[in-house]
Amino acid sequence: MVTSAVTLTVKDYKSDVKPTWCPGCGDFAVLSATYKALADLQLRTERVVIVSGIGCSSRIPYFLSTYGVHSLHGRALPMASGVKLANPDMTVMVMGGDGDMFAIGAGHMPHAASRNLDLTTVCMDNQIYGLTKAQASPTSKIGQVTKSTPYGVAAKPINPLLTVLAAGATFVARGYSAKPKMLAELFVAGIKHKGFSFIHVISPCTEFNNTYSFYDAQATDLPADWDKSDLQKAMGLAITEEKPHLGVWYETERPVLDQVLHSLEKEIKPFDTSAYLKRFE
Amino acid sequence: MEKNEIIIRLAGEGGEGVISTGDIFTQGAARTGYHVFTFRTYPAEIKGGHAWYQVRVGAYPVLSMGDGVDVMVAFNAEGYYNHKHLINKGGVLIYDPDTVTPEESSSVIAYGIPFNTIARKELDFFRGKNLIVTGFLAGLFGLEPSSLEGLIRSRFARRAELLASNLKSLYAGYEHATKKIEKRDPYFLTPVEKIPRLVLSGNDAIAAGALAAGCRFFAGYPITPASEILETMSKELPKLGGVSLQVEDEIAAIGMAAGASFGGLKSMTATSGPGLSLMSEFLGWVSMSETPCVIVDSQRAGPSTGMPTKLEQADLNHALYAGHGDFPRIVMAAGSVEDAFFRIIDAFNLSEKYQMPAIFLSDQSLSHRTESMLKPDLSRIHVEDRLRPTAEQLKDYRRYAVTESGASPMSAPGMAGGAYVAPGLEHDEKGHVDTPLQSHIIMMPKRFRKLDGARKDMGQLSRHGAADATIGVIGWGSTEGVIQEAVDRANASGHKVAALHPKLLSPLQVDDLRKFMDSVEHVIVPEVNYSGQFAHYLRSILGDSVVQLNKYGGLPFTPGEIFKKIEEVARNGNQRGNSHR
């Protein structure tokens, strides 16, 4: 991480584009937490890349003064992986929604986690498709009535934390848009973590799936003595929890892909076409 | 009369050594100074199934796999029965009498050589059979065994015990041909001046060209017949400080390549038709966000999974039109192995300069065949790097500044003042997405204008054949050599024919094509597909009717097939009664 010589504040990370989200949308808190985390870490704006997919939450890169990629629905992870592998010493964040990460782009998630590329992935989960106006999402609850499921959702919701824990994510946490201070702390910890970090954010959609009062009542912090190094315990909680737990669920260290790949050769040489072609003589 | 150009075909069970025998003989011949052109086809299974390998070797440049077979080596009965009808009159059959009982034939010279018995009983080394055959061919046609010995020595450099047995096998075969049989055939490779040539496959050439063009990021997913590019890049890129990665699917492959390109590296992915289908969604994003990216499609016979190890040139429509919406793209196709090396560099240059996807079409024939070529003149290599913003431009940076050429200076993460969001949404000069209607009207022509520059950069198309031709042949991709050979043959037999072979397929070099078509009476368009995709494309842009020549059996054209069509058109004109105009 390359930090700034002059002190950067939250406003340095704001672009001149005003967010397009509905009033009260959980994503505002995610955006503010991102500004705050980047300012806390004093990261230079030109050394940060925010990569998103498609959806309400995926508009986020436009609202930051950093580099950004507004990619395709579900494709933020591969694209961010390319950005990171090209720029291993920069901070790359992947930000998007539950549809992006666990429906159309779900195939990329386990591989991004297993590769342990140093990406900070933030999933803004509102359990609904907001931008297309209220169809079911992969994390919608069984029985949830949406425009595309007038008789209720039949499928068991995908469990984001269990999925990434199983695939090998090395930093797994959950935050809640109504707790912005904790959110910024989780982002700081996720960015600082060397390896694939995944932060699940409960980010309610006030327009189509307003769950604030439900989560205000249900969300609970992980116990103070929670052992972050215990994968089995974390997976067990992901399977059994009835009330969503907030905080850092799991953290471990494992070789990081971008560093592994860039350390394969001790001595980097420029390409010598003539020498290379000798093998075909 | 001695014949110093030979078409040798080896056929047998897959995994039996058919391919390796062919490869060693080919390399040895090329090292001695001969020109070689190979074709191979093998079953999609790893072991078993019918495999064959063909090498055409001569003292003069060989442009195609040729017509028929001069020398047939049948490793088993199936090999014999599948190919015996292709043996040219006066040709040679080499077989093992223990496994093959050939029919009586007065037009074929047959040598029954007990390869299996020699290997088992004389040498006590059954795996030496391939090299006995290789040595026999060398002895029969007068190829110096020293070049073959060198190859075997380097192949088994670290396995001394195997080296001795393999060399013994090679010389056993060689001596069998020179001492134990009486040569009755006219084929003889006359000694040639030993000019060092390279022997490489199309996929080797594509990887080498990409590295020379500055490619430093590759992501791919294994698929026949493109996998060797992934394998080569994975081996070579780390040495250059680059990255190559096998990823979960082709969508991720092109996504990572696009991401790495946004991140500042020249990037490529390689696939075949099924993979290009998956990549389609990204083509539009890459063009919209003006991110350079090279996509190699080594075509195979489709549709769907089709025939993975067989040839077809049937992804042209997909390369030209895949993706929703209107967007510019570069599509190129190479004509030969040497051409693949230079054209992939062109593809990178155009993609980098004009910041759009460049789809590079190879195919099963080109990717997997080997050809000999002179060491390329490296002074011909020009590498284009993407336009970067100046310090002045970064003061009020407009990533998508409207310019005359259509291309705008492109920043990369790390450049202060250069931050922008690469969008798939319609956007203004700064990349902002809030006034799409207005932006769309400005940005569509800006993006498409870049094609004019790309067309100009490729220079003029050069024609092959008669200056006063009445018949023109227009092809694309890996058929360049076989078309030229057919045209040469036609001109030698009194016809007036010329060929044109555009390498840039999008945008098409319309003026040169127009000029060529106007200069001839009839145009034949040979292509290895059923429907005539290129013929339709030419008609749609130039409005002319053309004579289609389509082949779709999974194998390349022979010069004779194209020559026959030329004769037919010379005799009857366009059979539908109208010329192409």
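Residues numbered from 1 in each chain as written. Chains lettered and ligands numbered in written order. Predicted model: local features only at pLDDT ≥ 70, side-chain atom pairs only at ≥ 80, totals over all residues. Heavy atoms only, no water.

Visitor: Give me the lowdown on the overall build of chain B, citing residues and values where you can.
Guide: Assigned secondary structure in chain B consists of 19 helices and 21 strands. Here the C-alpha atoms of chain B give a radius of gyration of 26 Å, agreeing with the 25 Å that 2.2 N^0.38 yields for 581 residues. In terms of principal-axis extent, the alpha carbons of chain B reach across some 85 × 65 × 40 Å. Each of the 581 residues in chain B was classed as buried or not, and the buried ones make up 62%. Intrachain contacts of chain B at a sequence separation of at least 6 include 73% that bridge at least 24 residues. Split by element, the accessible area of chain B, about 21500 Å² in all, is 52% carbon and sulfur. (Helix = DSSP H or I, 4+ residues; strand = E, 2+ residues; numbered from the N terminus. Rg over C-alpha atoms; globule rule 2.2 N^0.38 Å. Buried < 20%, exposed > 50% of the residue type's maximum accessible area, 1.4 Å probe, protein only. Contact = heavy atoms within 4.5 Å. Areas by Shrake-Rupley, 256 points an atom, 1.4 Å probe, with all protein chains shown as cover.)

Visitor: Which residues make up the interface of chain A and chain B, and what values do they have?
Guide: Contacts between chain A and chain B engage 48 residues on the former and 58 residues on the latter. Here chain A packs against chain B, burying approximately 4200 Å² in sum over the two surfaces, 68% of which is carbon and sulfur. Across the contact surface, chain A and chain B share 4 salt bridges. Where Arg115(A) meets Glu248(B), a salt bridge forms, and the shortest distance between an N and an O atom there is 3.1 Å. Counting the contacts that link chain A with chain B gives 18 residue pairs in polar contact (both at pLDDT 80 or more). Those elements that place two or more of their residues in the side of chain A that touches chain B are strand S2 (67-70), helix H2 (76-86), helix H4 (109-115), helix H9 (257-262) and helix H10 (273-277) of chain A. Sheet analysis places S2(A) next to strand S15 (residues 421-423) of chain B, joined by 3 bridges and oriented parallel. Residue pairing in the sheet places Val69(A) in a bridge with Ala422(B) of S15(B). (Buried area = accessible area lost by both parts, 1.4 Å probe. Salt bridge = Lys/Arg side-chain N within 4 Å of Asp/Glu carboxyl O. Polar contact = N/O pair within 3.5 Å; in protein donor to acceptor, adjacent residues only side chain to side chain. Pairing = 2+ DSSP bridges.)

Visitor: Just give me the short version of the side chain of Ser267(B), but keep the residues and values in it.
Guide: Residue and element names in this part refer to chain B. Within the element layout of this structure, serine 267 appears in strand S10 (residues 267-271). A distance of 3.3 Å separates a polar side-chain atom of serine 267 from the backbone oxygen of alanine 257. Here serine 261 takes part through its backbone nitrogen, which lies 3.4 Å from a polar atom of the side chain of serine 267. Apart from residues lying up to four places away in sequence, serine 267 is in contact with Cys215, Phe217, Ala257, Ala260, Ser261, Cys293, Val294 and Phe348.

Visitor: I'd like a rundown of the state of the cysteines, residues and numbers included.
Guide: Two cysteines whose sulfur atoms are joined by a covalent bond form what is called a disulfide. Residue and element names in this part refer to chain A. Per the counting criterion, the structure on display carries 0 disulfides over all chains. Distance from the sulfur of cysteine 56, which forms no disulfide, to the nearest cysteine sulfur (cysteine 22) is 6.5 Å. For cysteine 56, a relative accessible area of 25% translates into the label partly exposed. (Disulfide = S-S within 2.5 Å.)

Visitor: Tell me what's going on with the environment of Met373(B), and back it up with residues and numbers.
Guide: All names here are of chain B. Residue placement: methionine 373 occurs in strand S14 (residues 370-374). Separated by 336 residues in sequence, methionine 373 and phenylalanine 37 place their C-alpha atoms 9.8 Å apart. Not counting residues up to four positions away in its chain, the partners in contact with methionine 373 are Arg197, Leu198, Leu200, Val337 and Glu338.

Visitor: Which residues make up unusual backbone geometry, and what values do they have?
Guide: Residues and elements named next belong to chain B. Cis rather than trans, the peptide bond between glycine 302 and proline 303 has omega equal to 0°. Secondary-structure assignment places proline 303 in the loop between strand S11 (293-299) and helix H11 (316-321). Each neighbour pair has its own omega, and for serine 506 with proline 507 the value is -5°, a cis peptide bond. Tracing the chain through its elements places proline 507 in the loop between strand S19 (504-506) and helix H17 (510-519). Positioned with a positive phi, serine 304 is a non-glycine residue whose angle comes to about 55°. The exposure class assigned to serine 304 is exposed, which follows from its relative accessible area of 67%.

Bear in mind that shape data such as this cannot, by itself, settle questions of function.
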